[in-house]
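# Descriptive analysis of the structure
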Amino acid sequence: MNGSRHDRSGRAEAVTVRFAFTPAAAYVRAARLVAADVAAHAGVATGLLDEVRQAVGEACTRAVLRHRDRGIEDLVRVEFAIGDRFVAKITDNAQDLRARSDGRIPAGVGGGDARANDHDAIEEDTFSEEITLIVLGGLVEDLVVTGPGADGSTTVSMSWPLPGSGPGADH
Amino acid sequence: MRGTSGDGAAEPELGLGLSEVGDYAVISVTGEIDMYTAPQLREAVRQLAAEGRMRVAIDLTTTEFCDSTGLGVLIGARRRLSDSGGSLVVVCANPRIRKLLDLTGLDKVLDVREAVPGE
């Protein structure tokens, strides 16, 4: 699995790695390990690979939870694109009325603190989907959640800098 | 405990070791805590509570990976033990997991320490 490809002039071309998996807990690990591997091949800084692995794992966990809670057996779709940045997209197929119309998760995790301190509101079984977004919001600088689309899907999109990706690349 | 599923895919590894330190029953967790393995940890806490062990420490010192599902188990364990008059201590020096606890505010909710009390 090559993380990049070059044309005859030596310029890097965009590369895409795409797969889908049955919405079962057993396959989330495989997805996050593939993410870290593809990111490493793409040239994502070594210090960010744990973040990529964690973030893709969280997004896949969220997708599996959403499918499971709604009894949806459709595949969870994962896509990695290597261009100016390393981009990961995880798409579920479950309606989410809580998705913001502008598709953005608020920066920071103040809501996480509020929720975590609200002891009575925390139930383990309902905690996980919410906390995946709290973790993602705190972990990933470039995070966008879009949807639901016409088919009810929502997509978690994240990106990380690649060497030579210009100003702001080290964010 | 690493195995393979029917299609040959490697399964996540989780190791749970039980010991006692002072008043605490200690669950030492090795490997990866995610939505696939977290039920094993949840069940281990439930088993201790069923045996009347209400002071429990979950030691994440050698835990290689923990996701939000693992955090959910910690919260659930704390609640169950607290409701029964017990307590949960989370032992964690791993900076990656400490970061997760910090991001979610759970470092303020859970009793997170560097070592098991009495150790």
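As a starting point, this report considers the structure included with it. Since we're looking at a predicted model, the values are computed, not measured.

A separate point is the overall build of chain A. When you go through chain A residue by residue, the secondary structure sums to 4 helices and 7 strands. Written out in order from the N terminus, the α and β elements of chain A read β-β-β-α-α-β-β-α-α-β-β. Counting over 171 residues, chain A shows a buried share of 47%.

The subject of this paragraph is the sheet that holds strand β5 (residues 85-91) of chain A. Residues and elements named next belong to chain A. A sheet is described by the order of its strands in space; here 5 strands give the open sequence β3-β4-β5-β7-β6, paired in antiparallel fashion. Two strands lie at the open edges of the sheet, namely β3 (15-21) and β6 (142-146), each paired on one side alone. Across the sheet, the mean angle from the axis of one strand to that of its neighbour is 15°, orientation sign disregarded. When strand β4 (residues 76-82) meets β5, the two strands line up antiparallel, connected through 6 bridges. Counterpart to Glu79 in the pairing with β5 is Lys89. This element, helix α1 (residues 28-42), spans β3, β4 and β5 of the sheet and lies at about 10° to β4. Sheet strands touched by helix α2 (residues 46-69): β3, β4, β5, β6 and β7 (155-161). Its angle to β7, the strand with the most contacts, is close to 175°.

Attention now goes to the pattern of salt bridges. Residues and elements named next belong to chain B. If you walk through the whole model with that rule in mind, you get 14 salt bridges over all chains. Linking Arg53 and Glu20 is a salt bridge whose minimum nitrogen-to-oxygen distance equals 2.9 Å. With Arg53 in the loop between α1 (38-50) and β3 (55-59) and Glu20 in strand β1 (residues 14-21), this pair connects stretches of sequence that are 33 residues apart. Among the salt bridges present, the one from Asp111 reaches Arg113, with a minimum N-O distance of 2.9 Å. Note on Asp111: relative accessible area 30%, which makes it partly exposed. For Arg113, a relative accessible area of 34% corresponds to the partly exposed category.

The axes of two packed helices give the description: the angle between them and the distance between them. Residues and elements named next belong to chain B. Direction vectors running N to C along α1 and helix α2 (residues 68-83) enclose 10°, while the axes themselves pass 9 Å from each other. The orientation of α1 with respect to α2, classified from their angle, is roughly parallel. Classified by chirality, the crossing of α2 by α1 is right-handed. Along the contact surface, α1 presents Ala38, Leu41, Arg42, Val45, Arg46 and Ala49, while α2 presents Thr69, Val73, Ala77, Arg80 and Leu81. Class assignment of the residues belonging to the contact of α1 with α2 gives a composition of 7 nonpolar, 1 polar and 3 charged.

This part is about the nonpolar core. The biggest cluster of nonpolar side chains holds 73 residues, and the ones touching the most others in it are Phe86(A), Ile90(A) and Met158(A). No other element matches α2(A), which puts 9 residues into this core. Phe86(A) has contacts with Ala35(A), Val38(A), Ala39(A), Ala42(A), Val44(A), Val52(A), Phe80(A), Ala81(A), Met158(A), Ser159(A), Trp160(A) and Leu162(A), leaving out every residue within four places of it along the chain. Membership of the second largest hydrophobic core comes to 7 residues, among which are Val21(B), Ala57(B), Val89(B) and Val91(B).

Another point: α2(A). Residues and elements named next belong to chain A. Taking 1.5 Å per residue, 24 residues should reach 34 Å; α2 reaches 35 Å between its end C-alpha atoms and fits that length. By the criterion of burial, α2 is predominantly enclosed, with 18 of the 24 residues buried. One or two residues past the end of α2 sits Gly71, with phi positive at roughly 65°.

For the rest of this paragraph, the subject is the side chain of Thr154(A). Mapping Thr154(A) onto the fold places it in the loop between β6 and β7. A polar side-chain atom of Thr154(A) sits 3.4 Å from a polar atom in the side chain of Arg62(A).

Another aspect to go through is the environment of Tyr27(A). Within the element layout of this structure, Tyr27(A) appears in the loop between β3 and α1. Separated by 37 residues in the primary sequence, Tyr27(A) and Val64(A) place their C-alpha atoms 9.5 Å from one another.

Reading guide: rules and limits
Residues numbered from 1 in each chain as written. Chains lettered and ligands numbered in written order. Predicted model: local features only at pLDDT ≥ 70, side-chain atom pairs only at ≥ 80, totals over all residues. Heavy atoms only, no water. Helix = DSSP H or I, 4+ residues; strand = E, 2+ residues; numbered from the N terminus. Buried < 20%, exposed > 50% of the residue type's maximum accessible area, 1.4 Å probe, protein only. Pairing = 2+ DSSP bridges. Axes fitted to C-alpha atoms, helices over the stretch in contact; angles between N-to-C directions. Contact = heavy atoms within 4.5 Å. Salt bridge = Lys/Arg side-chain N within 4 Å of Asp/Glu carboxyl O. Parallel < 35°, antiparallel > 145°, perpendicular 65-115°, else oblique. Left-handed = near helix turned anticlockwise from the far one by under 90°. Nonpolar A, V, L, I, M, F, W, Y, C, P; charged D, E, K, R; others polar. Core = buried A, V, L, I, M, F, W, Y, C linked by side-chain atoms within 4.5 Å. Expected span 1.5 Å × (residues − 1). Polar contact = N/O pair within 3.5 Å; in protein donor to acceptor, adjacent residues only side chain to side chain.

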